[in-house]
2 protein chains.
Amino acid sequence: MDIPAALDALSTLLGDRLSRSKADLEAHGASESHYPLTPPDAVAYPQDTAEVAGILKICNQHGCPVIGWGAGTSLEGGALATTGGVAVDFSRMASVLEVRAEDMVARVQPGITREALNTELRATGLFFPVDPGANASIGGMVATRASGTTAVRYGTMRDNVAALEVVTASGEVIRTGSAAPKSSSGYDLTSLFVGSEGTLGLITEVTLRLQGQPEAVSAGVCAFGDIGSAVDAVTEVILTGIPMARIEFLDAATVAAVNGYSKADFPETPHLFVEFHGTPAAVAEQAERFGEIVTEHGCSGFDWSTKTEDRTRLWEMRHHAYWAILASRPGSRAIVTDVCVPVSRLAEAVAATQADIEAAGLQAPILGHVGDGNYHAILLLDGSEEERIAAEKVSSAMVERALEMGGTATGEHGVGIGKQKYMATEHGPAWDMMSTIKRALDPNGILNPGKVVPATG
Amino acid sequence: MDIPAALDALSTLLGDRLSRSKADLEAHGASESHYPLTPPDAVAYPQDTAEVAGILKICNQHGCPVIGWGAGTSLEGGALATTGGVAVDFSRMASVLEVRAEDMVARVQPGITREALNTELRATGLFFPVDPGANASIGGMVATRASGTTAVRYGTMRDNVAALEVVTASGEVIRTGSAAPKSSSGYDLTSLFVGSEGTLGLITEVTLRLQGQPEAVSAGVCAFGDIGSAVDAVTEVILTGIPMARIEFLDAATVAAVNGYSKADFPETPHLFVEFHGTPAAVAEQAERFGEIVTEHGCSGFDWSTKTEDRTRLWEMRHHAYWAILASRPGSRAIVTDVCVPVSRLAEAVAATQADIEAAGLQAPILGHVGDGNYHAILLLDGSEEERIAAEKVSSAMVERALEMGGTATGEHGVGIGKQKYMATEHGPAWDMMSTIKRALDPNGILNPGKVVPATG
């Protein structure tokens, strides 16, 4: 590994688009979550695929670590330069290259954020449905296999990426997938790169599947006495085939935080926030059937509305829940957990986590994507070592329980730094196979080293 | 490579469940399509995963080819033993191991056929939606990344496999994925094995995603003057967001063959056969909106029905179309092509193929899954070398055109023997990456050698 030699060559390639300013290094070493500052040695701002290929050729030759950087919204430190090297910032590769409305796909550069993309799509009648809350970059969402509130209807990034352009560790440019709706032609390299967290290649172009903007949207809220009833209701709703567009769970503590932050007055009990997409008749029918089922399961009155302002307010409250929770304990920092379990085990998993939180004397509201079995606890910390240790313990128990229940250590935040320690338990010998693939595709181990699989090379 | 030594050791392991009878070898060397008989050296009938692991350990030690065998319904010779070796027949591993209705998943062995699975699921209110027409085995469908008439609504095998148990080339048992609805934990090995055609491992267990049986189903047919109008109508239908469950295209020649075979009396022009799933109100609304759109595009009257007998007859006719087409030219054999293009190019692609067929003087009805851009020509051959050459030419032109249009050489039949020659053109350097992965996971090149990627080891 000769990072200085790599930086010299990169400086010649990129000129002042290779930055070594302290502010830039710190901005690319910081995390939205609780991880310590880990600045890279330099930040590269490529303008096109050829430059990305040039960067990788140089770094591969010198064994210099390369870490892709999108919007910096990872919650697990996925883009932190833990062994130094070069952060490749895609902010200058952030265009929509092509929208093919008839084929319902868009070809975009990785640096574009999902909100910017949807703004550009507005006039086409189409939208990109994956919504992780944060205004993440599309490249980062691909690398993390992100999802969020709409996955129950539209799937995760796994389901919404049709094709990729990727630069390999050696600087070769490959294309995976196509704009055809399906294929059985060869290995699914697209899916291999989706969720690989920049450890197998750098994504330089993404062909995304789009959806038609729904003609009508209705949204509503319902309150339950306990999480078990809410989950039972959701299970029945999904089995019934009601095509829920969003179905979000908020526990009583989250609702209290939202009330405080967003000046709302929900009863402080577990809630579901839901949304339906379709024709006016279909969303009305869906909402009515949903209302019948949740009422049978003890929901105290289901109100829904097709008004845009009501809906916008509802999802703003949901998307701001993280900030609402942080504000509920002024001055705190948070550990944000993320596990996913089979839906049949969700109520039990959440209840056990709540019991752990209470036993530990912590403040940690829980919320999640209940249709997906995916939930988060926002563990609020005062900065003391005591609370940090207690929170790590709760978080570990949550992951271990999810794995025992046949679930996964992370539903949507990725492995990053935080979940690496659970990979051997979760995957067993399949984790060794992941390492075999990593070594085959990145023999010098330069791509985001130490993430997903142990550092190699 | 020492096949005799491998067979000796396998005989010790399996006793009379290693067959070398001529009838057995020929049954496992035959194809449903036009490929010549290619018998393996032996057929193994494992009873459990441990035996599959034992088979692979022996074959890996002796460099003996191993080819998984399900129901023998591949149309591209995917399971033919082109370099000899052992066919591993999964017919004794054909059980449903577990149905978890709340989680909408079933854990099954690879040898079960999709019809047997759906029979077992009937009482649960759930069904497995992927329907390639043939009564294929689930393991074969996974390996081929199969799809069929319902992919437009429920996706392909890529979308409907949650987890796998796989035995690797060295005989190690790994598990990929989980029953949790989603995950961002590590590389998506499940997707890597789906569509790998037995070249990376043998699948010994599959966790499938299930769907709720729709409360109501309606189906109907509509006739068009030409393929262009039919495709334009479908494009608009899909953009509008009508959740079509099936939307099948049959050209005039296919309709004529169906009329003759199934004693039907459809006008002999291009047709769409469609199906809707949902609540009674939803399927009625969908059918009405669909009817409005297709009428605008020149459909001469759209009839639909919710009666089970009407629907069963319709899909029997569609599923028997292949046999109807074969019967339309008595004594003929068929080359069945399979390409997939972006939907915006479908009408142009089909028209060009029809022109090629006419210019070649061949009989070759066209049908396809129009919502997916996926179509087939059934090239009927009299056995003469002249027709075979002409048909190969039409088939090649169809693939080359699909690739020029940004499509794929195979939408659902797999690479097998027939599509290998297009892989370099379709994938470019990504095909080399597939070979790199193959060499890493199967260094001795024993797993279905010569399929998907060039033979290695």
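This one's a predicted model, so the numbers in the text were calculated from it and none came from an experiment.

Structural notes on the overall build of chain A
When helices and strands are tallied, chain A shows 17 helices and 19 strands. Relative to the 2.2 N^0.38 estimate, which gives 23 Å for 457 residues, the radius of gyration of chain A is 22 Å and therefore close to what a compact globule would have. In terms of its C-alpha atoms, chain A occupies a principal-axis envelope of roughly 65 × 55 × 40 Å. Every one of the 457 residues in chain A was classed for burial, and the buried ones make up 62%. In chain A, once contacts between residues fewer than 6 apart in sequence are set aside, the share between residues at least 24 apart is 71%. In the form shown here, chain A has an accessible surface area of approximately 15,600 Å², with 51% of it arising from carbon and sulfur atoms. Of the side-chain charges in chain A, 33 are positive and 56 negative, and the distance between the mean point of each set is 4 Å.

Topic: the packing of helix α14 (residues 346-360) of chain B against helix α15 (residues 385-404) of chain B
Residue and element names in this part refer to chain B. Their axes nearest at 10 Å, the elements α14 and α15 cross at an angle of 160 degrees. By the angle class used here, α14 and α15 are roughly antiparallel. The handedness of the crossing between α14 and α15 is right-handed. Touching Ala349, Ala352, Thr353, Asp356, Ile357 and Ala360 of α14 are Ala390, Val394, Ala397, Met398 and Arg401, all from α15. Among the residues forming the contact of α14 with α15, the class breakdown is eight nonpolar, one polar and two charged.

Quick look at the interface of chain A and chain B
Interface extent is often summarised as the accessible area lost during association of the parts. Listed per partner, the contact involves 83 residues of chain A and 83 residues of chain B. Between chain A and chain B, a total of about 6,200 Å² is buried, with carbon and sulfur atoms accounting for 58% of that surface. Contact with chain B buries surface across chain A, with A:Lys182, A:Ser184 and A:Tyr187 losing the most and accounting together for 15% of the total. Here chain A is connected to chain B by eight salt bridges. One salt bridge connects B:Lys182 with A:Asp372, and the closest N-O pair in it is separated by 3.3 Å. Viewed at the interface, chain B and chain A are joined by 42 residue pairs in polar contact (both at pLDDT 80 or more). Of the residues forming the side of chain A that touches chain B, the biggest block, nine residues, is contributed by helix α17 (residues 429-441) of chain A. When the residues that make up the side of chain A that touches chain B are grouped by side-chain class, the tally is 34 nonpolar, 31 polar and 18 charged.

Details of the pattern of salt bridges
Residues and elements named next belong to chain A. One pass over the structure, following the stated rule, counts 52 salt bridges over all chains. The salt bridge involving arginine 246 is made with aspartate 131; its shortest N-O contact spans 2.7 Å. One end of the pair, arginine 246, is in strand β13 (residues 244-250); the other, aspartate 131, is in the loop between β7 (126-127) and α5 (138-144), and 115 residues separate them in sequence. Summarising the burial analysis for this pair, arginine 246 and aspartate 131 share the class buried. Salt bridges linked by common partners bring Arg114, Glu115, Asp131, Arg246, Glu275 and Arg311 together as one network.

A few points about the UniProt feature "domain: FAD-binding PCMH-type" (unreviewed entry) in chain A
According to UniProt, the "domain: FAD-binding PCMH-type" (unreviewed entry) feature falls on residues 35-213 of chain A. Along residues 35-213 of chain A, the helical share is 23% and the strand share 25%, with 38 Å between the first and last C-alpha atoms.

Some remarks on the sheet that holds strand β3 (residues 66-69) of chain B
Residue and element names in this part refer to chain B. Judged by pairing direction, the sheet is mixed, and its four strands sit side by side in the order β1-β2-β4-β3 without closing on themselves. Of all strands in the sheet, those with a lone pairing partner are β1 (18-19) and β3, marking the two edges. Sheet analysis places β1 next to strand β2 (residues 42-44), joined by two bridges and oriented antiparallel. The residue of β2 that forms the bridge with serine 19 is valine 43.

Quick word on the side chain of A:Asn259
Mapped onto the elements, A:Asn259 comes out in helix α10 (residues 252-262). Apart from residues lying up to four places away in sequence, A:Asn259 is in contact with A:Ala264, A:Asp265, A:Phe266 and A:Glu268.

Thoughts on the relation of the copies chain A and chain B
Between the two copies, chain A and chain B, the superposition gives an RMSD of 0.0 Å; the rotation angle is 180 degrees and the shift along the axis is 0.0 Å. What the rotation and shift describe, once combined, is the action of a two-fold rotation axis. A shared binding surface is used by both copies, with 100% of the interface residues of chain A retained as interface residues in chain B.

Some points on the nonpolar core
A:Phe290 and B:Phe290 are the most contacted members of the largest nonpolar core, which totals 175 residues. Top element by residues in this core is α15(B). It accounts for seven residues. Apart from the residues within four sequence positions on either side, A:Phe290 is in contact with A:Cys222, A:Val237, A:Ile242, A:Met244, A:Ile247, A:Leu272, A:Val274, A:Phe276 and A:Phe302.

A short note on the sheet that holds strand β4 (residues 86-89) of chain A
Judged by pairing direction, the sheet is mixed, and its four strands sit side by side in the order β1-β2-β4-β3 (chain A) without closing on themselves. Looking at the sheet topology across the chains shown, the edges are occupied by β1 (18-19) and β3 (66-69) of chain A.

Description of the environment of B:Leu10
Residues and elements named next belong to chain B. Locating leucine 10 in the fold gives a position in helix α1 (residues 3-14). Overall, the relative accessible area of 0% leaves leucine 10 in the buried class. Residues leucine 10 and aspartate 188, spaced 178 residues apart in sequence, show a C-alpha to C-alpha distance of 32 Å.

Here's the deal with the domain arrangement of chain A
Residues and elements named next belong to chain A. The domains assigned to chain A are domain 1 (3-91), domain 2 (93-212), domain 3 (214-328) and domain 4 (330-437). Listed by partner, the interface residues are 17 residues for domain 1 and 18 residues for domain 2. Buried surface at the junction of domain 1 and domain 2, summed over both partners, amounts to about 1,400 Å²; 66% is from carbon and sulfur atoms. Ranking the residues of domain 1 by area buried against domain 2 places Thr49, Leu56 and Phe90 at the top, with a combined share of 39%. Across the domain 1-domain 2 interface, the total number found is zero salt bridges. Our count for the domain 1 to domain 2 interface comes out at two residue pairs in polar contact (both at pLDDT 80 or more).

Notes on a negative patch on the surface
Together, A:Glu102, B:Asp226, B:Asp232, B:Glu236, B:Glu288, B:Glu292 and B:Glu296 line one region of the surface with negative charge. Those elements that place two or more of their residues in the negative patch are α9 (227-240) and α11 (280-296) of chain B. In terms of residues, the negative patch owes the most to one element, α11(B), which gives three residues. One can find B:Glu236 in helix α9.

A short note on the environment of A:Ala359
With respect to the secondary-structure elements, A:Ala359 resides in helix α14 (residues 346-359). Separated by 35 residues in the primary sequence, A:Ala359 and A:Val394 place their C-alpha atoms 9.5 Å from one another.

Rules used throughout
Residues numbered from 1 in each chain as written. Chains lettered and ligands numbered in written order. Predicted model: local features only at pLDDT ≥ 70, side-chain atom pairs only at ≥ 80, totals over all residues. Heavy atoms only, no water. Helix = DSSP H or I, 4+ residues; strand = E, 2+ residues; numbered from the N terminus. Rg over C-alpha atoms; globule rule 2.2 N^0.38 Å. Buried < 20%, exposed > 50% of the residue type's maximum accessible area, 1.4 Å probe, protein only. Contact = heavy atoms within 4.5 Å. Areas by Shrake-Rupley, 256 points an atom, 1.4 Å probe, with all protein chains shown as cover. Lys, Arg positive; Asp, Glu negative; His and termini not counted. Charge placed at Lys NZ, Arg CZ, Asp CG, Glu CD. Axes fitted to C-alpha atoms, helices over the stretch in contact; angles between N-to-C directions. Parallel < 35°, antiparallel > 145°, perpendicular 65-115°, else oblique. Left-handed = near helix turned anticlockwise from the far one by under 90°. Nonpolar A, V, L, I, M, F, W, Y, C, P; charged D, E, K, R; others polar. Buried area = accessible area lost by both parts, 1.4 Å probe. Salt bridge = Lys/Arg side-chain N within 4 Å of Asp/Glu carboxyl O. Polar contact = N/O pair within 3.5 Å; in protein donor to acceptor, adjacent residues only side chain to side chain. UniProt positions renumbered as here; feature names shortened; annotations may be inferred. Pairing = 2+ DSSP bridges. Least-squares fit on C-alpha atoms with pLDDT ≥ 70 in both. Core = buried A, V, L, I, M, F, W, Y, C linked by side-chain atoms within 4.5 Å. Domains from an automatic or database assignment. Patch = residues over 30% accessible without salt bridge, like charges linked within 9 Å, V, L, I, M, F, W, Y side chains within 5 Å.

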